[in-house]
Amino acid sequence: AAKAAGRNCIRFFLPEMDTELQARIELERAIRDAVLNDRFELHYQPLFEISQRRLAGFEALIRMPAADGTLIPPLTFIPVAEDLRLIDKIGAWVLREACRTAATWPAHLTVAVNLSPVQFVAGNIGDIVAAALKDAGLAAHRLELEITESLLLGNTETIMAQLRTLKTMGVAIVMDDFGAGYSSLSYLWRFPFDKIKIDRAFMQSLDGPHCQVGTVVKAIIALGRELRMRVTVEGVETANQAAFLDAANGDQVQGFFFGRPIPASELGASILAEFEKAMPRASPATKLHL
Ligand code: C2E
Ligand code: MG
Ligand code: MG
Ligand code: MG
């Protein structure tokens, strides 16, 4: 029937015929609508300094409210926003909003913002970051920018130049999801990252039967130390994982065990004070995988 329709292929796009396409169109519409009406939200997940057992700051994580009141996660809509060339707008909003929020926190707390590789294409990310800092009145050293391997796969001089510009401004550059891709290791000597974040896949494997993963995590922490890069371990979900990290000598931890991402509206002074008081600790009785 499709062939018989010939070039007049409007029938391919009837809703009944392609629910996947329909869903994509709906998602695109929702993204455009959220951009026009300023309807994204940031949630903030705490990061803790492991040796001092204190709050270090938060990572800003974007969510898009859906018509039914649920929140659409970034991995669902960010790639589509990239295709639509709306990520620059969204990313600039995230930077402005995160910097503005962080400016209300105690001055020792940092805020981490994730950047899409697409935000490096126009070549003006330095200006956008500078404007967000200036408007918020936030000191540059309180902002961390998280990038993933996919950015560095480009490995072009223009990307490196933009990263250097950002670093010169005093902003911290973080390699996110370290160890998840093919060539994370090869980027460590090409750019002086301030911090590396070990991908949560490592923590997920830690409780499994083959515990060499713990040895690898400790080796990455040692490598980070040698390179003068701080090391955060993300995706800490269990007391057992937390106890392992207590002994492993990393710098920071992040994960559901210590705190889930929470909406900005719930991140009031009282919550900040609570996080300040004490980092949740692993029970001393938990078995260590060392
Ligand atoms: P990411 O930067 O690696 O952020 C960590 C993700 O892991 C977040 O998912 C967080 O909710 C989740 N997570 C944190 N702790 C745990 C844990 O203990 N267990 C498990 N299973 N998950 C944990 P989320 O918020 O869905 O974000 C997913 C990814 O979307 C982020 O990964 C980041 O790459 C991207 N993203 C988030 N916000 C933005 C943004 O504003 N801009 C861009 N370009 N990307 C963003
Ligand atoms: Mg991140
Ligand atoms: Mg990550
Ligand atoms: Mg990730």
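Residues numbered from 1 in each chain as written. Chains lettered and ligands numbered in written order. Predicted model: local features only at pLDDT ≥ 70, side-chain atom pairs only at ≥ 80, totals over all residues. Heavy atoms only, no water.

### Describing the coordination of the magnesium ion (ligand 2)
To keep things clear, this is the line we draw: Any N, O or S atom lying within 2.8 Å of the metal counts as a donor, and for Na, K and Ca the limit rises to 3.2 Å; water is left out, so some sites can look incomplete. Strands here are runs of E lasting at least two residues and helices are runs of H or I lasting at least four, both read from the DSSP assignment and numbered beginning at the N terminus. Buried, partly exposed and exposed residues are distinguished by accessible area as a fraction of the type maximum, computed with a 1.4 Å probe on protein chains only: under 20%, between the cut-offs, and over 50%, respectively.
Within the protein, the magnesium ion (ligand 2) binds to Glu59 (OE), Asn114 (OD1), Glu146 (OE) and Asp176 (OD); these donor distances fall in the range 1.9 to 2.2 Å. In this structure, the magnesium ion (ligand 2) lies 4.1 Å from the magnesium ion (ligand 3), and both are coordinated by Asp176. Residue Glu59 is located in strand E2 (residues 54-65), and its partner Asn114 is located in strand E4 (residues 110-114); the two are separated by 55 residues in the primary sequence. Residue Asn114 is classed as partly exposed on the basis of its relative accessible area, which comes to 30%.

### Some remarks on the layout of surface pockets
Quick reminder of the rule: In this analysis a 1.4 Å probe is tested at points of a 1 Å grid over the protein atoms alone, and where it fits but cannot get out there is a cavity; an open set with protein on both sides within 12 Å along at least five of seven lines is a pocket; lining residues have an atom within 4 Å of a point. Grid points are joined across faces, edges and corners, and a volume is the space filled by probe spheres set on the points. In this classification, Asp, Glu, Lys and Arg are treated as charged, Ala, Val, Leu, Ile, Met, Phe, Trp, Tyr, Cys and Pro as nonpolar, and every other residue, Gly included, as polar.
For the largest pocket, the calculated volume is near 1,100 Å³. Taken together, 38 residues form the lining of the largest pocket, with Glu59, Leu61, Pro74, Leu75 and Asn114 sitting closest to its centre. At the level of elements, strand E1 (41-49), E2, helix H3 (74-83), helix H4 (87-102), E4 and strand E6 (172-178) are the ones that each hand at least two residues to the lining of the largest pocket. Of the residues assigned to the lining of the largest pocket, the class counts are 17 nonpolar, 10 polar and 11 charged. Roughly 220 Å³ of internal volume is contained in the second largest pocket. The element that contributes the greatest number of residues to the lining of the second largest pocket is E2, accounting for three residues. Here the lining of the second largest pocket is composed, by residue class, of four nonpolar, five polar and seven charged.

### A closer look at the site of ligand 1
Note the cut-off: The criterion for a residue being near a molecule or strand is simple. One of its heavy atoms has to lie within 4 Å of it. Whenever two N or O atoms come within 3.5 Å, that pair is a polar contact, provided that in protein one can donate a hydrogen and the other can accept it, and provided that, for residues adjacent in sequence, both atoms are side-chain atoms. For the area figures, the Shrake-Rupley method with a 1.4 Å probe applies, and any residue is considered shielded solely by the protein chains shown. To be counted as sitting in a cavity or pocket, a molecule needs more than half of its atoms within 2 Å of that site's grid points.
Looking at ligand 1, there are 23 residues lining it, with Arg63, Asn114, Asp176, Glu237 and Phe256 nearest. Contact between ligand 1 and Glu59: an oxygen atom at 3.0 Å from a side-chain N or O atom of the residue. At 2.8 Å from an oxygen atom of ligand 1 is found a side-chain nitrogen or oxygen belonging to Asp176. Within the complex, 87% of the 800 Å² of free accessible area of ligand 1 lies under protein. Judged by its atoms lying within 2 Å of the grid points, ligand 1 is housed in the largest pocket. Looking at the shell around ligand 1, the elements that each hand over two or more residues are E2, H3 and E6. At four residues, the largest contribution of residues to the shell around ligand 1 is made by E2.

What is shown is where atoms sit, not what they do.
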